[in-house]
Amino acid sequence: MNTMTIAIDGPAAAGKSTVAKKVAEKLSFIYVDTGAMYRALTWKALKQGISLEDEDGLAQLLSQSDLNLVQSDAGQRVILDQRDVSEEIRTAEVTNQVSIVAKHKNVREEMVQRQQELVKDKGVVMDGRDIGTHVLPDAEVKIFMIASVEERAERRHKENLEKGFPSDLKQLKEEIRKRDEIDSNREIAPLVKAEDAIEIDTTSMNIDEVVEGILNIVNEKWEKGEQG
Ligand code: CDP
Ligand code: CDP
């Protein structure tokens, strides 16, 4: 069986996780949602009253945490200290503060190490902000997925309404903009396109078109590899 590592990075709500999951499914690869790991740590810190500016406190909290991404029939579940926190980590409270936790060097170092250990020799699709630049710098395929902030806010808004959650489009746009700004301007491993990444602007593409585009890139690589 062919294996490969595929890194997908990009700003909030660009469609990374939806597309990464489908690509992984099509290729029978594992999918790793690295954002979920930062979210889980943020959730735990908020619950324990640890300041999100306390780098050492957060790093210590992470080192004591049993954090696993488990594939199940209900999709990928996030298990933190034997508890399923998949829903809790998606609340607005976590979403709007996770970028503060993700700024810290000591937190990122441990996260990157844990993420690299998940790869082994299996095929993997991993999404996040620093996958192509830091976590998997040798990934065979690197995608930098973007979309206009208006489109991204619309997508989240639609998703919220479908789930029956309250949603304010203008506020969402502001929150996304703010998170992108923190992620793009932090000192350690900021959100940036890897030099060898292929940029896909999904503003006017549907999910299947993006998935198809990535599968074509993967197939081209495989064909080239077989020839060479
Ligand atoms: O899905 P969404 O775009 O809302 O975000 P996510 O992928 O769940 O990531 C949540 C946050 O975690 C990001 O805004 C980053 O602050 C941080 N993150 C990161 O710094 N590095 C990663 N590899 C993944 C996420
Ligand atoms: O992981 P990330 O934050 O980049 O985005 P996501 O959670 O995968 O996607 C955000 C929303 O946009 C989801 O509701 C997707 O179904 C939707 N989406 C879309 O409408 N068109 C795309 N081309 C990609 C995603």
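Just so you know, these numbers come straight off a predicted model, no measurement behind them. (Residues numbered from 1 in each chain as written. Chains lettered and ligands numbered in written order. Predicted model: local features only at pLDDT ≥ 70, side-chain atom pairs only at ≥ 80, totals over all residues. Heavy atoms only, no water.)

J.: Would you take a moment to explain the pattern of salt bridges for this structure?
T.: One side chain can pair with another of opposite charge once the charged atoms of both are near each other. Under the criterion given, the structure shown has 19 salt bridges. Taking the shortest distance from any N to any O, the salt bridge between Arg-156 and Glu-159 comes out at 3.1 Å. Of the two residues, Arg-156 and Glu-159 are both situated in helix α8 (residues 149-163); the distance of three residues between them amounts to about one turn of the helix. In this structure, a network of salt bridges that share partners links the residues Arg-77, Asp-84 and Glu-87. (Salt bridge = Lys/Arg side-chain N within 4 Å of Asp/Glu carboxyl O. Helix = DSSP H or I, 4+ residues; strand = E, 2+ residues; numbered from the N terminus.)

J.: Quick question: what am I supposed to make of the sheet that holds strand β7 (residues 141-146) here?
T.: Remark on secondary structure: sheet strands pair via backbone hydrogen bonds, oriented parallel or antiparallel. On the basis of which strands lie adjacent, the open sheet formed by five strands has the order β2-β6-β1-β7-β8 and parallel pairing. Either end of the sheet is taken by a strand with one partner, and the two such strands are β2 (30-33) and β8 (198-201). Here the strands of the sheet are splayed against their neighbours by 20 degrees on average, with no regard to which way each runs. Of the pairings in the sheet, the one linking strand β1 (residues 5-9) to strand β6 (residues 124-128) comprises five bridges and is parallel in character. Among the inter-strand pairings, Ala-7 is bridged to a residue of β6, identified as Met-126. (Pairing = 2+ DSSP bridges. Axes fitted to C-alpha atoms, helices over the stretch in contact; angles between N-to-C directions.)

J.: Sorry if this is basic, but what is going on with the nonpolar core here?
T.: Grouped burial of nonpolar side chains is what soluble globular proteins tend to show. Ile-6, Val-23 and Ile-214 are the most contacted members of the largest nonpolar core, which totals 23 residues. Mapped onto this core, the elements with two or more residues apiece are β1, α1 (16-27), β7 and α10 (207-227). Counting residues per element, this core draws most heavily on α10, at seven residues. If we ignore the near neighbours within four places in the chain, the residues touching Ile-214 are Ile-8, Val-19, Val-23, Ile-143, Met-145 and Ile-200. (Core = buried A, V, L, I, M, F, W, Y, C linked by side-chain atoms within 4.5 Å. Buried < 20%, exposed > 50% of the residue type's maximum accessible area, 1.4 Å probe, protein only. Contact = heavy atoms within 4.5 Å.)

J.: Looking at this model, I keep getting lost on the site of ligand 1. Mind explaining?
T.: In the vicinity of ligand 1, 20 residues are found, and the nearest of them are Arg-39, Arg-108, Asp-130, Arg-179 and Asp-183. The contact in question runs from an oxygen atom of ligand 1 to an N or O atom on the side chain of Arg-186, over 2.9 Å. Across the complex, the protein chains shield 97% of the 530 Å² of accessible surface that ligand 1 would expose by itself. Sorting the residues of the shell around ligand 1 by element identifies α2 (34-48), α5 (98-101) and α9 (169-185) as the ones contributing at least two each. No other element matches the four residues that α2 contributes to the shell around ligand 1. (Near = heavy atom within 4 Å. Polar contact = N/O pair within 3.5 Å; in protein donor to acceptor, adjacent residues only side chain to side chain. Areas by Shrake-Rupley, 256 points an atom, 1.4 Å probe, with all protein chains shown as cover.)

J.: When you look at the site of ligand 2 in this model, what are you seeing that I'm missing?
T.: For ligand 2, the set of nearby residues contains 14 residues, the closest of which are Ala-13, Lys-16, Ser-17, Thr-18 and Glu-159. Between an oxygen atom of ligand 2 and a main-chain N or O atom of Ala-14, the distance comes to 3.0 Å. At 2.7 Å from an oxygen atom of ligand 2 is found a side-chain nitrogen or oxygen belonging to Lys-16. Isolated, ligand 2 exposes 540 Å² of accessible area, and the fraction of that covered by the protein chains is 82%. For the shell around ligand 2, the class distribution of residues is six nonpolar, four polar and four charged. (Nonpolar A, V, L, I, M, F, W, Y, C, P; charged D, E, K, R; others polar.)

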